[in-house]
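# Summary of the model geometry
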Amino acid sequence: MLSVCSRAVARAGRASLQNHGVRAMSTGGVSKAAMLKKMLQSNDLEFLMEAHNGLSAKIVEEAGFKAIWGSGLSISAQLGVRDSNEASFTQILEVLEFMSDNTSIPILLDGDTGFGNFNNARRLVAKLE
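Residues numbered from 1 in each chain as written. Predicted model: local features only at pLDDT ≥ 70, side-chain atom pairs only at ≥ 80, totals over all residues. Heavy atoms only, no water.

## Comments concerning the overall build of the chain
Counting secondary structure elements, the chain contains six helices and three strands. In the chain, the succession of α and β elements from N to C terminus is α-α-β-α-β-α-α-β-α. In the chain, buried positions account for 31% of the 129 residues. Here the contacts in the chain between residues at least 6 apart in sequence split such that 63% fall between residues at least 24 apart. Accessible surface, the chain as shown: approximately 8000 Å² in total, 55% of it carbon and sulfur. (Helix = DSSP H or I, 4+ residues; strand = E, 2+ residues; numbered from the N terminus. Buried < 20%, exposed > 50% of the residue type's maximum accessible area, 1.4 Å probe, protein only. Contact = heavy atoms within 4.5 Å. Areas by Shrake-Rupley, 256 points an atom, 1.4 Å probe, with all protein chains shown as cover.)

## Observations concerning the layout of surface pockets
By volume, the largest pocket is sized at about 580 Å³. For the largest pocket, the lining is made up of 22 residues, of which Leu36, Ile107, Val125, Leu128 and Glu129 are closest to its centre. Mapped by element, the contributors of at least two residues to the lining of the largest pocket are α2 (32-41), α5 (89-101), β3 (107-109) and α6 (118-128). Within the lining of the largest pocket, the residues separate by chemical class into 14 nonpolar, three polar and five charged. (1 Å grid on protein atoms, 1.4 Å probe; cavity = no way out; pocket = protein on both sides within 12 Å on 5 of 7 lines; lining within 4 Å. Points joined across faces, edges and corners; volume = space filled by probe spheres on them. Nonpolar A, V, L, I, M, F, W, Y, C, P; charged D, E, K, R; others polar.)

## Some words on the pattern of salt bridges
Within this structure, the stated rule accounts for three salt bridges. Two residues, Glu46 and Lys66, come together in a salt bridge whose shortest N-O distance is 3.4 Å. Taken together, the residues span a long stretch of sequence, with Glu46 in the loop between α2 and β1 (49-51) and Lys66 in the loop between α3 (54-62) and β2 (68-70) at a distance of 20 residues. By relative accessible area, which is 22% here, Glu46 ends up partly exposed. Across the pair Glu86 and Arg82 runs a salt bridge, and its minimum N-O distance is 2.4 Å. Residue class for Arg82 comes out exposed when judged on its relative accessible area of 59%. (Salt bridge = Lys/Arg side-chain N within 4 Å of Asp/Glu carboxyl O.)

## Brief notes about the environment of Ser74
Tracing the backbone through its elements, the reader meets Ser74 in helix α4 (residues 72-79). Along the sequence, Ser74 and His52 sit 22 residues apart, while their C-alpha atoms lie 5.7 Å from each other. Looking at Ser74, its side chain comes within polar contact range of the side chain of Glu50, at 3.1 Å. (Polar contact = N/O pair within 3.5 Å; in protein donor to acceptor, adjacent residues only side chain to side chain.)

## Things to note about empty space enclosed by the protein
Tallying each qualifying case throughout the model produces one cavity of 30 Å³ or more. Space inside the largest cavity adds up to approximately 80 Å³. What lines the largest cavity is simply Gly72, Ser76, Asp83, Asn85, Glu86, Ala87, Ile92, Leu109, Asp110, Gly111, Asp112 and Phe115. Here the lining of the largest cavity is composed, by residue class, of four nonpolar, four polar and four charged.

## What about the nonpolar core?
In this structure, Ile68, Ile92 and Met99 are the most contacted members of the largest nonpolar core, which totals 18 residues. Among the elements that make up this core, the one with the highest residue count is α5 (six residues). Apart from residues no more than four positions distant in its own chain, Met99 is found in contact with Ala51, His52, Asn53, Gly54, Ala57, Ile68, Gly70 and Ile107. (Core = buried A, V, L, I, M, F, W, Y, C linked by side-chain atoms within 4.5 Å.)

Spatial relationships are all this shows, so hold off on functional conclusions.
Spelled out as structure tokens, the structure:
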């Protein structure tokens, strides 16, 4: 039943997005980091949709969005903790791994404070790439 519902939501989302000029994007062998960088540097308006686990990430992709917004609030909430860095670095990475493994589009993560200092933020970016 969930699969049928998610396909229906994806079809409706795709139709709505196509009516607004948004098209699904094929990766064509390009890395997700390169895809996100190109989107961020483009003058075109792009829409991202929030996801907080592998299933919601797949629904975002099937709906035709070009990228996923990994919201710190939503990820924390689905883990059952407050959005005040209570979820650990490794817990966030685990959720993002499921999201990334199930999709072919990039994920823009709300990294909050970078889990400490500059060195932790740099390490987080390296893990996410």
